[in-house]
Amino acid sequence: MRLPRTLRAACLLLVAASAVPAAAAEPMTVFAAASLRNALDEAGKAFTAESGIPVRASYAASSALARQIEQGAPADLFASADLEWMDYLAARRLIRPETRVDLLGNRLVVVAPKDATVAEAAFTPDWFARALGPDGRLATGEVSSVPIGKYAKAAFETLGLWTQLQPRLAQADNVRAALALVSRGEAPLGVVYESDARSDPGVKVVGVFPKDSHKPVIYPFAVTAEAKGEGGARFLGYLRSKAARRFFEAQGFTVIGEGASQ
């Protein structure tokens, strides 16, 4: 039996509509400290699988990312490796203050190439002189702006080592660049975060800085003032959940700002 023409047309429209895939969710963009790369990449995959929201990440020094946001770069979420660069954006009303959370902690460590014979760090002038040799450099971040470099400088000043080590520094644009110098054997020592040391099998930890030698390493997160849609807030909510804890702890972070269980 033939269907009336109008009924056939309606059926064809229904079939065509059912064949059109649902519109993809709008991606969200996170600007994050370079040391967060491994953990956030894994957390982002899990969040996307759960929510359907793609996560795009840009990793660099917190200082560089904060200035990019200040200049109008489109970010939905900012994750800094220190409080000062989050404060920088907060003072300029470029984050949503009610979303700010100090989520993670980390430790400052001295690393050497994995095959190096250097002994455990003693944090004395003689130890660094022997470990660096006559021409070796100590890799870390740029000490006036990059968080890892700022932490390293503060620690060396507290320990009475700054005058000796300042001329020996190889100052990189971010902590992962400093880590690479050590991993490739271009620097005999480096100062990075514990999480970075875990991410690179080419290095080994030879010393952990005393806790009282520098301010606590804290990672604040916040949704930006110009965030588009709900993606940034939803991803931050996921990062604060118990489900995301494993990604951070696997990389050596301490979770200090977890929210209610989800």
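Our structure's up above, just so we're on the same page.
Residues numbered from 1 in each chain as written. Predicted model: local features only at pLDDT ≥ 70, side-chain atom pairs only at ≥ 80, totals over all residues. Heavy atoms only, no water.

Caption draft 1: Layout of the overall build of the protein. A count of helical and extended segments in the protein gives 11 helices and 11 strands. A buried classification covers 48% of the 262 residues belonging to the protein. Sequence-distant contacts in the protein: of pairs separated by 6 or more residues, those separated by 24 or more amount to 77%. For the protein, the exposed area adds up to about 13,000 Å²; of that, 53% sits on carbon and sulfur atoms. (Helix = DSSP H or I, 4+ residues; strand = E, 2+ residues; numbered from the N terminus. Buried < 20%, exposed > 50% of the residue type's maximum accessible area, 1.4 Å probe, protein only. Contact = heavy atoms within 4.5 Å. Areas by Shrake-Rupley, 256 points an atom, 1.4 Å probe, with all protein chains shown as cover.)

Caption draft 2: Quick peek at helix 5 (residues 125-132). Every buried residue of helix 5 is listed here: Trp127, Phe128, Ala131 and Leu132. Down the axis of helix 5, the buried set is contained in an arc of 115°. They therefore lie on one face. Within helix 5, the exposed residues directed more than 90 degrees away from the buried face are Asp126 and Arg130. Next to the buried residues of helix 5 lie strand 5 (108-113), strand 6 (138-141), helix 6 (147-158), helix 7 (162-165), strand 8 (189-193) and strand 9 (203-208). Two residues or fewer past helix 5, Gly133 is found with a positive phi of approximately 70°. (Arc of directions from axis to C-beta.)

Caption draft 3: Structural detail: the sheet that holds strand 1 (residues 28-33). The sheet built from 6 strands is open, its strands ordered 2-1-3-10-4-11 with mixed pairing. With one partner strand each, in any of the chains shown, strand 2 (55-60) and strand 11 (254-255) form the two edges of the open sheet. Alignment of strand 3 (residues 77-79) against strand 10 (residues 217-223), held across 3 bridges, turns out to be antiparallel. Looking across to strand 10, one finds that Phe78 is bridged to Ala222. Along the sheet, helix 4 (residues 83-91) contacts strand 3, strand 4 (101-106) and strand 10; its crossing angle with strand 10, the most-contacted strand, is approximately 30°. (Pairing = 2+ DSSP bridges. Axes fitted to C-alpha atoms, helices over the stretch in contact; angles between N-to-C directions.)

Caption draft 4: Geometry of the pattern of salt bridges. Throughout the structure, instances matching the rule amount to 11 salt bridges. For the salt bridge of Glu84 with Lys215, the shortest nitrogen-to-oxygen distance reads 3.9 Å. One end of the pair, Glu84, is in helix 4; the other, Lys215, is in the loop between strand 9 and strand 10, and 131 residues separate them in sequence. Judged by its relative accessible area of 42%, Glu84 falls in the partly exposed class. Among the salt bridges present, the one from Glu249 reaches Arg245, with a minimum N-O distance of 2.7 Å. With Glu249 and Arg245 both in helix 11 (residues 242-250) and 4 residues apart, the pair spans about one turn of that helix. The class for Arg245 is partly exposed, based on a relative accessible area of 27%. (Salt bridge = Lys/Arg side-chain N within 4 Å of Asp/Glu carboxyl O.)

Caption draft 5: How the structure looks around the sheet that holds strand 9. With mixed pairing, 5 strands are arranged side by side in an open sheet as 7-6-8-5-9. Edge strands, defined here as strands with exactly one partner in the open sheet, are strand 7 (169-172) and strand 9. The average angle at which neighbouring strand axes cross in this sheet is 35°, direction not considered. Pairing of strand 6 with strand 8 involves 2 bridges; the strand directions are parallel. Bridge pairing in strand 8 places Leu138 opposite Leu189.

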